[in-house]
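# Understanding the architecture of this molecule
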Amino acid sequence: MKRHSIQTYRRIIQITVAITFIILPLLNQLGFTFIWGNFLNIHIGDLTLSDPLAVLQVTLKNQYFSPRLLMSAGIILIIAMCFGTIFCSWICPFGLLSELVHGLAKRVLPNTFKKLNFQISGFKIKIYILSLGLIFFFLFCTRPIINQLSMPLWYSQIFQYLFIQKHISFAVLFVAVILFAEFISRNRLWCRYICPQSFLLVIAKLLNPFHLKVGYRKEKCIGNKNNNPCQKACSLSLDPRTLNNLLETECNNCGDCIVACKKLGKALNFQFSRHFS
Ligand code: SF4
Ligand code: SF4
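Below or above, wherever it landed, is the structure these notes cover. Values in this document were obtained by computation on a predicted structure and should not be read as measured data.

### Some details on the overall build of the protein
Summing up its helical and strand segments, the protein has 13 helices and five strands in all. Computed over its C-alpha atoms, the radius of gyration of the protein comes to 19 Å, within 12% of the 19 Å expected for a compact globule of 277 residues. In terms of its C-alpha atoms, the protein occupies a principal-axis envelope of roughly 55 × 45 × 40 Å. Burial status across the protein gives 45% buried among its 277 residues.

So this is what it looks like as structure tokens:
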């Protein structure tokens, strides 16, 4: 029997989540209320999961720790502490769209169309964006403003507006413009350099040195500068063989490099240990 790769399972989960958030507003209107909400707050029975960034803003602004609110965000942060930013690679619908657009650009754009490749840390840029957002929030706002930059939230709200309030949200244009910029630059700009949602997830995973990560065994590697399927497979333009901070803060454990490597030398694998082996 053919064994499916981790890539197949990942796509199935991503597509299932993306479709769920399209039909959820329709189901809610028909009376199904076991699951309702969006990527700011999703309610599944008695369980509520909240965007940790929104919870952080509300908690800091009100200077009040609500155990219920902290638990709703804590579950997501604990998952990130154990498994890294798998929210981005397995759950987030914008991550799926961004990956598909990146794959399309690779196929259809001529090679003469140069890929924009910044050798800078996206994590550092996110620190600046988040800091500015927090300052603005504290000075002028009462509601979590940084979530206006949440692509998964915009994605879910597009269908809430469409099916419940019967109008097309401005978010459609916003998402389309970002995806078009990613297409022509052949670079996943939003996820690597801007998205503040992923910031706290990265912080959570860095707190646990034993979180799931891509390990590299040099002795098994038969690739070289020109034969590097793992690097080519990475939609975030990372090289999983260079074990540096860039990989640590920006890799989302999608596993695409591991699948590409399996066809060659099996030098990459997921592992929990502190040191890459
Ligand atoms: S970086 Fe942001 S937009 Fe990209 S996949 Fe992660 S949560 Fe979604
Ligand atoms: S380094 Fe590998 S696991 Fe990490 S984002 Fe790139 S392809 Fe995915």
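Let's pick the thread back up.
### Focus on the pattern of salt bridges
In this structure the tally under the stated criterion is five salt bridges. Residues Arg10 and Asp256 are paired through a salt bridge, measuring 3.1 Å at the closest nitrogen-oxygen approach. Of this pair, Arg10 sits in helix H1 (residues 6-29) while Asp256 is found in helix H13 (residues 256-262), placing the two residues 246 residues apart along the sequence. Asp256 shares its class with Arg10; the two are buried. For Arg192, the salt bridge identified is with Glu250, shortest N-O distance 2.6 Å. Here Glu250 lies in helix H12 (residues 245-250) and Arg192 lies in helix H9 (residues 189-194), a separation of 58 residues in the sequence. There is no split in this pair, since Arg192 and Glu250 are both buried. Among the charged side chains, a network of salt bridges with common partners joins Arg10, Arg11, Glu99 and Asp256.

### Points about empty space enclosed by the protein
On inspection of all chains with the given rule, the structure shows five cavities of 30 Å³ or more. As a volume, the largest cavity reaches approximately 140 Å³. In terms of lining residues, the largest cavity is bounded by 13 residues, among which Lys126, Cys191, Ser198, Thr249 and Glu250 are the most central. Counting only elements with at least two residues in the lining of the largest cavity, the list comes to helix H6 (122-140), H9, helix H10 (197-207) and H12. Class assignment for the residues of the lining of the largest cavity results in six nonpolar, four polar and three charged. When residues of the lining of the largest cavity are assigned to domains, at least three fall in each of domain 1 (6-209) and domain 2 (212-277).

### Some points on the site of ligand 1
The immediate surroundings of ligand 1 are formed by Phe87, Cys88, Cys92, Phe94, Gly95, Met151, Trp190, Cys191, Cys195, Gln197 and Ser198. Mapped onto the shell around ligand 1, the elements with two or more residues apiece are helix H4 (86-91), helix H5 (93-108), H9 and H10. The class makeup of the residues in the shell around ligand 1 is eight nonpolar, three polar and no charged.

### So, the environment of Arg186
Here Arg186 is to be found in the loop between helix H8 (171-185) and H9. On the basis of relative accessibility, which here comes to 12%, the residue Arg186 falls in the buried class. As a C-alpha pair, Arg186 and Gln29 span 157 residues in sequence and 39 Å in three-dimensional space.

### Structural notes on a nonpolar patch on the surface
A cluster of nonpolar side chains, namely Ile15, Ile19, Ile23, Leu26, Leu27, Leu30, Phe32, Phe34, Ile44, Leu47 and Met71, defines an oily patch on the protein surface of about 970 Å² accessible area. Element by element, the count of residues in the nonpolar patch is highest for H1, at five residues.

### Observations concerning the layout of surface pockets
There is about 580 Å³ of room inside the largest pocket. Lining the largest pocket are 27 residues, with Phe39, Leu49, Ile76, Phe87 and Ile91 positioned closest to its centre. Secondary structure elements with two or more residues in the lining of the largest pocket: H1, strand E2 (41-44), strand E3 (47-50), helix H3 (67-83), H4 and H10. Its residues assigned to classes, the lining of the largest pocket comprises 20 nonpolar, six polar and one charged.

### Here we look at the packing of H1 against helix H7 (residues 151-165)
The interhelical angle for the contact between H1 and H7, taken along N-to-C directions, is 30 degrees, at an axis separation of 9 Å. Of the possible angle classes, the one that applies to H1 and H7 is roughly parallel. Two packed elements cross with a definite hand, and for H1 against H7 that hand is right-handed. Across the interface between the two elements, Ala18, Ile19, Phe21, Ile22, Pro25, Leu26 and Gln29 from H1 touch Tyr155, Ser156, Phe159, Gln160, Phe163 and Ile164 from H7. Tallied by class, the residues present in the contact of H1 with H7 amount to 10 nonpolar, three polar and no charged.

Calculation notes
- Residues numbered from 1 in each chain as written.
- Chains lettered and ligands numbered in written order.
- Predicted model: local features only at pLDDT ≥ 70, side-chain atom pairs only at ≥ 80, totals over all residues.
- Heavy atoms only, no water.
- Helix = DSSP H or I, 4+ residues; strand = E, 2+ residues; numbered from the N terminus.
- Rg over C-alpha atoms; globule rule 2.2 N^0.38 Å.
- Buried < 20%, exposed > 50% of the residue type's maximum accessible area, 1.4 Å probe, protein only.
- Salt bridge = Lys/Arg side-chain N within 4 Å of Asp/Glu carboxyl O.
- 1 Å grid on protein atoms, 1.4 Å probe; cavity = no way out; pocket = protein on both sides within 12 Å on 5 of 7 lines; lining within 4 Å.
- Points joined across faces, edges and corners; volume = space filled by probe spheres on them.
- Nonpolar A, V, L, I, M, F, W, Y, C, P; charged D, E, K, R; others polar.
- Domains from an automatic or database assignment.
- Near = heavy atom within 4 Å.
- Patch = residues over 30% accessible without salt bridge, like charges linked within 9 Å, V, L, I, M, F, W, Y side chains within 5 Å.
- Areas by Shrake-Rupley, 256 points an atom, 1.4 Å probe, with all protein chains shown as cover.
- Axes fitted to C-alpha atoms, helices over the stretch in contact; angles between N-to-C directions.
- Parallel < 35°, antiparallel > 145°, perpendicular 65-115°, else oblique.
- Left-handed = near helix turned anticlockwise from the far one by under 90°.
- Contact = heavy atoms within 4.5 Å.

On their own, these measurements won't tell you what the molecule is for.
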